[in-house]
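# Commentary on secondary and tertiary structure
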Amino acid sequence: MNSERDDADERLFLDGDFEMTSPAISPDQQKLLVVEKSPPKAAKVYLNVYQTVENTEAKAKFEQRNKTILEQDPLDIVDNPPPVFNKKRLHRLDQINGKGILYPRWRSNDEILYIANTQDKEGHLHKDLFSWQLTTDSITQLSRGMNLRRFDVSADGKTLIAERNHLGKSSLVRFDLTQPVSIANMVTVIDGGYESSFDFPKFSPTDETQLAYLTKQADTPWQLKLMWLSGGQTSTLPMPDQYQFLSYVQWSNTGDALYFVAGIKDSLMVYRYDLNTMQLWQVTGGERPI
């Protein structure tokens, strides 16, 4: 790896109007989903889907507009180009009745799964799984009263693993998406009870029997674990010294490395753990081994 790499190769990809969270690229790499939230007073939440390719149409319109201005008056001052010509938006989903849109994940190039708030007959609030089909722009509620949180979908779109928080107990649960998402069809992968919490379950993109996830017990920091689902074996991956924050786990496309964000004092850095060499690297701020 190039140990002299710094952040100079960063470039603006999308300049949103609102706060942007949960970005994810579609399996075919052609579309980007992102949740955009307006300021609290407006309380608008959108799930937007953009093209990933350059917006040549917007760029051409901008250049033609400046050309027309100069043709009319060569001494006129034209606009400077924006830092980035935003990608073309293909689809937009507005939250329904203020239920929110959380943790969206691609199931296929045409289907996005996400979590939203629901309410049962007794008025109790829950978090449930929904499906958004892009071609038909149709929404389907897949679970009812399940209290699911962050989740991931296997590369073939057939299996879902989610963090479930029910009556104060946390667990990692698995569903076969070819069957209804229900208690009857739920398999508990890890029962953390009241003692453990879980977050960011992530299937390997090349081996659905490998699962990375975060876990935490009382009075201990978050840890990044790797589980082999076929046998249940787990390993704890190394962290930077004196880390205090751990989040945003992501596999490399080739499935041989895990990326995550860790905080030390006031700094947040991206790290990479190479599964082949068992080496931890700091990626941001100049790539270097830890």
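Let us look at the structure shown here. (Residues numbered from 1 in each chain as written. Predicted model: local features only at pLDDT ≥ 70, side-chain atom pairs only at ≥ 80, totals over all residues. Heavy atoms only, no water.)

This paragraph deals with the sheet that holds strand β3 (residues 45-51). The strand order across the open sheet formed by four strands is β1-β2-β3-β4, and the pairing between neighbours is antiparallel. Pairing within the sheet leaves two strands with one partner each, and these edge strands are β1 (19-25) and β4 (89-94). Pairs of neighbouring strands in the sheet enclose a mean axial angle of 20 degrees, with direction left out of account. Where β1 lies against strand β2 (residues 31-37), five bridges are found, and the strand directions are antiparallel. Considered in β2, the bridge of Thr21 is made with Val35. (Pairing = 2+ DSSP bridges. Helix = DSSP H or I, 4+ residues; strand = E, 2+ residues; numbered from the N terminus. Axes fitted to C-alpha atoms, helices over the stretch in contact; angles between N-to-C directions.)

For strand β10 (residues 159-166), the tally of buried residues reaches six of eight residues, placing the bulk of the element in the interior. Pairing of strand β9 (residues 148-153) with β10 involves four bridges; the strand directions are antiparallel. Among the inter-strand pairings, Val153 is bridged to a residue of β10, identified as Leu160. Between the antiparallel neighbours β9 and β10 lie five residues, among them Gly157 with a positive phi of about 75 degrees. Summarising the sheet, β10 and strand β11 (residues 169-176) pair through eight bridges and their orientation is antiparallel. By the bridge assignment, Arg164 is partnered in β11 with Ser171. Hairpin connection of β10 to β11: two residues between the antiparallel strands, including Leu167 at a positive phi of 55 degrees. (Buried < 20%, exposed > 50% of the residue type's maximum accessible area, 1.4 Å probe, protein only.)

Here we come to the pattern of salt bridges. Tallied over the entire structure, the rule returns seven salt bridges. Its salt-bridge partner being Glu57, residue Lys61 comes within 3.4 Å of it at the nearest N-O pair. With Lys61 and Glu57 both in helix α1 (residues 56-72) and four residues apart, the pair spans about one turn of that helix. The class of Lys61 is exposed, set by a relative accessible area of 52%. (Salt bridge = Lys/Arg side-chain N within 4 Å of Asp/Glu carboxyl O.)

Ranked by size, the top nonpolar core spans 17 residues in total, and within it Ala212, Leu224, Leu246, Val249, Leu258 and Phe260 carry the most contacts. Mapped by element, the contributors of at least two residues to this core are β14 (210-217), β15 (223-228), β17 (245-251), β18 (257-264) and β19 (267-274). Excluding residues within four positions of it along the chain, Leu246 makes contact with Leu214, Trp222, Gln223, Leu224, Met239, Phe260, Val261 and Ala262. (Core = buried A, V, L, I, M, F, W, Y, C linked by side-chain atoms within 4.5 Å. Contact = heavy atoms within 4.5 Å.)

Another point: the environment of Asp17. Considering the arrangement of structural elements, one finds Asp17 in the segment before β1. Separated by 141 residues in the primary sequence, Asp17 and Lys158 place their C-alpha atoms 35 Å from one another.

Right, let's talk about the environment of Tyr50 for a bit. Position of Tyr50 among the secondary structure elements: in strand β3. For Tyr50, a relative accessible area of 9% gives the class buried. Sequence separation between Tyr50 and Leu33 is 17 residues, and the spatial gap between their C-alpha atoms is 6.4 Å. Setting aside its immediate chain neighbours within four residues, Tyr50 contacts Leu14, Gln30, Lys31, Leu32, Val34, Glu36, Lys87, Lys88, Arg89 and Leu90. Polar side-chain contacts of Tyr50 include one of 2.5 Å to the side chain of Glu36. (Polar contact = N/O pair within 3.5 Å; in protein donor to acceptor, adjacent residues only side chain to side chain.)

This part is about the side chain of Asp199. With respect to the secondary-structure elements, Asp199 resides in strand β13 (residues 196-203). Apart from the residues within four sequence positions on either side, Asp199 is in contact with Arg149, Arg150, Glu163, Tyr213, Leu214 and Trp222.

Further remarks concern the sheet that holds β17. Read from one edge of the open sheet, five strands run β17-β18-β19-β20-β21, paired in antiparallel fashion. In the strand order of this sheet, the two ends are held by β17 and β21 (288-289), each with one partner. Pairing of strand β20 (residues 279-282) with β21 involves two bridges; the strand directions are antiparallel. Across the sheet, Trp281 pairs through a bridge with Pro289, a residue of β21.

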